[in-house]
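# Observations on the three-dimensional arrangement
Now for the letters of each chain:
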Amino acid sequence: MEDRMLKFIAALRAGGVRISLAESADAFQAVDHMGVQERELFRLSLRTTLVKDANSLPIFDELFPLFFDSGDQPPMMDITEDMSPEEAQMLAQALRMFSEQLRRMMEKLLRGEQLSQQELEQLGQMVGLNRMNDMRYREWMARRMMRALRFDEVREALRELMQLLAQMGMSKERLEQMRQLIQANQQAIQEQLSQFAGQRIAENMSEERPDQGIDELLDRPFGALSDRDMDRLRKEVSRLANRLRSRIALRQKRAKSGQLDAKATLRANLKHGGVPMEIKHRDHRLKPKLVVICDISTSMRHCSELMLSLVYALQDLVTKTHAFAFIDHLEYITPDFVGQEAKDAISQVLVRMPPGSYNTDLGYSLDNFARNYLDTLDSRTTFIMVGDARNNYHDPRLDLFSMMARRCRRTIWLNPEPPMLWGTGDSDMLEYARYCDDVIVAATLGELTQAIDHLLTAS
Amino acid sequence: MTNNRVYTSPRAVKEALGEQQYIASDEIATTVYLCQQLGKPLLTEGPAGVGKTELAKAIAGATGRELIRLQCYEGLDETKALYEWEYAKQLLYTQLLRDKLQETLANTHSLAEAADRLAAEEDVFFSMRFLLQRPLLKAILSEKPTVLLIDEIDRADAEFEAFLLEVLSDFQVSVPELGTLAAVHRPLVVLTSNNTRELSEALKRRCLYLFIGYPSLEQELAVVRLKVPELSPKLARQAVELVQRLRDLDLRKSPSISETLDWARSLVALNAKQLDEETLETTLNVLLKHESDLQKVRRRMQVSSRGVDIEDDDLSQFRWRD
């Protein structure tokens, strides 16, 4: 059982649930107390010790039965059981009309035989189940195995069989009954396959090595990341954002104990007969404002998702953040982030603003901004542009950009492109750079967080 | 003794909570039982008004412990959560005890000697006498076992959370003037969160986790029957069914159990016999707290002799299925 639990924990980790060593130790301790006999108590002990996040509950609920259910196979019924001898003979005769392989499959369905473990393994091998390590592929794999079983042909053949039997004189209700039973058996096989696929994927997940080398990922350019890497990075972003948050909270707290506030101190100490027992300080809380404009066009698409998660994190950090995204025009995306999970909010933005080819227009977007949102920029604002400044040879509207930069406290440009490419082709980076206080290359997540950290410390 | 009662199985926990008028699901009972067994704090999350705080109260009632509550808010710091010196009282005492002080210092010959004597007496002023205990210290120093409820931890700042980690793992506090104060009895700790902000991994790691969602129809009905027994069974069922339907809509604030209970009580107070249009019109604001939600529900609601029907909210249906 311990072995099984360890595998289960590994699979949960692979499924994206963060489980520390302390937590798995708790799980074992809890199971020691509760025992494993009562399944529900066992399940609840694991759930309360391992999962600490409401979002992770569904993956727990999906994986648990795959690891700890005693493999209850879906029930199947033997149709041939209560057939009269004539009927059975009719069936045998009709079956002879089909090819060997089809017949075997049809008999299975009629007799209610489940696929053997060996057959399942073979099927799994055929469709590449052994390489799958993501639950999202479960139904797809099950469908592929159905296809490998040539289920469509079997279904067709069964229809023919029914016709044959009808011609041979089998009674109508009998046929109807058979049809229903066969359908139920088909359903059961389908379930068996889905169960098998789920279990196998769960096993694969548990064998996977735990996430390693996040450092290496941090230094890999955004363009060279797979879906899976992105997943891990997204998690890393939120972790980094948390870290940033506590640093900023600390900084703000320290800033608070700044100058002595004589008036408030006198007032507060009247009750002590004017002896200054409580010292009051001027509230020095930094109240930075942020305006972020993020390019999510095709050329930036591979990193815009991460950039947006960072924008999301920033929004959490600095209450007065206004976030915008643009491709050919500008949209205000702060409302999307309110009250939503980062992932949902980001996909909502990305779906609403689908990329086209070569339609980036930064100049026009700046114009949008200047017309509608200029009042968000003032002397307390830090203005952050995120993008590669590739403008499709449109007018870069440097006039607007310089005007905006002048209005704010600081202007920072984050560019994922290496500096040697700036100014080549349709890149207007060098020209924009003249108006920025800081231009930061951030092609990897490591650089990106460094940039953000630098940015918040300096503000 | 009723103090510090220990339960031997989740079932016993469930019954004990039931006696406190708290209907606990198997999940809740098991988690509470495990917290007691493993000596870990309980972190409970879920939408507002599903009974997280109530649970802490029920645990206190069931174990016969005193409930000490710390309500978190932005800007909460150690002085408000842990302890503070009572400067004013100290000052007052120095003034009242002036004669005594003069007596003590009377036959000193040098300033240094006087200072030394004063220093020897200083302990008087930095003793428990002048220590203003805030909830955390109270829970630690209490002679009797307690239940410590740290309510809405997600509202406190991240730094406070970090400070809490130390207290929660060792149950001891160091007061520079007094030394380390360790817990006499480990309190049972319940933390609640509405998930307005992500809590730190470190905090989660130290706790057992319990997500309390909206109850099922039967559970909620049981709660209503228990807490508002005057409401007729038929009406109670209708009311709970309606509330459950409302939760499926895409509302700004879904009605919670506490609102269901308020509503049930209003129905009793109004002596309602059935959910007709007039009753709904006058009482719906007990359930819904936003004008836009009220309008939305009124638009979609159809009251007929069969009961109340609410049109499906296409968008929310889609979202739920997704």
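Note: the structure precedes this text.
Just so it is clear, the model here is predicted, and its values are computed rather than measured.

Residue and element names in this part refer to chain A. Inspection of every chain in the model, using the stated rule, returns 23 aromatic pairs over all chains. With a centroid separation of 6.0 Å and an interplanar angle of 80°, the aromatic rings of Phe8 and Phe64 are classed as edge-to-face. Of the two residues, Phe8 sits in helix H1 (residues 2-14) while Phe64 sits in helix H4 (residues 57-68), which places them 56 residues apart along the sequence. The buried category is assigned to Phe64, whose relative accessible area is 1%. Measuring from ring centre to ring centre gives 5.1 Å for Phe401 and Tyr432, while their planes differ by 70°; the resulting arrangement is edge-to-face. Of this pair, Phe401 sits in helix H18 (residues 398-407) while Tyr432 sits in helix H19 (residues 429-433), placing them 31 residues apart in sequence. Both residues of the pair, Phe401 and Tyr432, belong to the buried class. Within the aromatic cluster, the residues linked to one another by ring pairs are Phe324, Tyr332, Phe369, Tyr373, Phe383, Phe401, Trp413, Tyr432 and Tyr435.

Right, let's talk about the packing of helix H7 (residues 117-127) of chain A against helix H10 (residues 172-207) of chain A for a bit. Residue and element names in this part refer to chain A. At their nearest, the axes of H7 and H10 sit 11 Å apart, and the two run at 65° to each other. Taken together, the axes of H7 and H10 are roughly perpendicular relative to one another. Viewed along their axes, H7 and H10 form a crossing whose handedness is right-handed. Of H10, the residues touching H7 (which contributes Gln117, Leu120, Glu121, Leu123 and Gly124) are Gln192, Leu193, Phe196 and Arg200. The class makeup of the residues in the contact of H7 with H10 is four nonpolar, three polar and two charged.

All right, on to the interface of chain A and chain B then. On the side of chain B, 26 residues touch chain A, which itself brings 27 residues to the contact. Summed over the shared surface of chain A and chain B, the result is three salt bridges. For the pair chain A and chain B, the interface holds seven residue pairs in polar contact (both at pLDDT 80 or more). Only helix H2 (21-34), helix H3 (39-50) and helix H12 (227-256) of chain A provide two or more residues apiece to the side of chain A that touches chain B. For the side of chain A that touches chain B, the element with the most residues is H2(A), which contributes seven residues. Taken together, the residues of the side of chain A that touches chain B break down into ten nonpolar, nine polar and eight charged.

Rules of the game
- Residues numbered from 1 in each chain as written.
- Chains lettered and ligands numbered in written order.
- Predicted model: local features only at pLDDT ≥ 70, side-chain atom pairs only at ≥ 80, totals over all residues.
- Heavy atoms only, no water.
- Phe/Tyr/Trp six-rings, centres within 6.5 Å; stacked < 30°, edge-to-face > 60°.
- Helix = DSSP H or I, 4+ residues; strand = E, 2+ residues; numbered from the N terminus.
- Buried < 20%, exposed > 50% of the residue type's maximum accessible area, 1.4 Å probe, protein only.
- Axes fitted to C-alpha atoms, helices over the stretch in contact; angles between N-to-C directions.
- Parallel < 35°, antiparallel > 145°, perpendicular 65-115°, else oblique.
- Left-handed = near helix turned anticlockwise from the far one by under 90°.
- Contact = heavy atoms within 4.5 Å.
- Nonpolar A, V, L, I, M, F, W, Y, C, P; charged D, E, K, R; others polar.
- Salt bridge = Lys/Arg side-chain N within 4 Å of Asp/Glu carboxyl O.
- Polar contact = N/O pair within 3.5 Å; in protein donor to acceptor, adjacent residues only side chain to side chain.

None of the figures reported here should be taken as evidence of function without further support.
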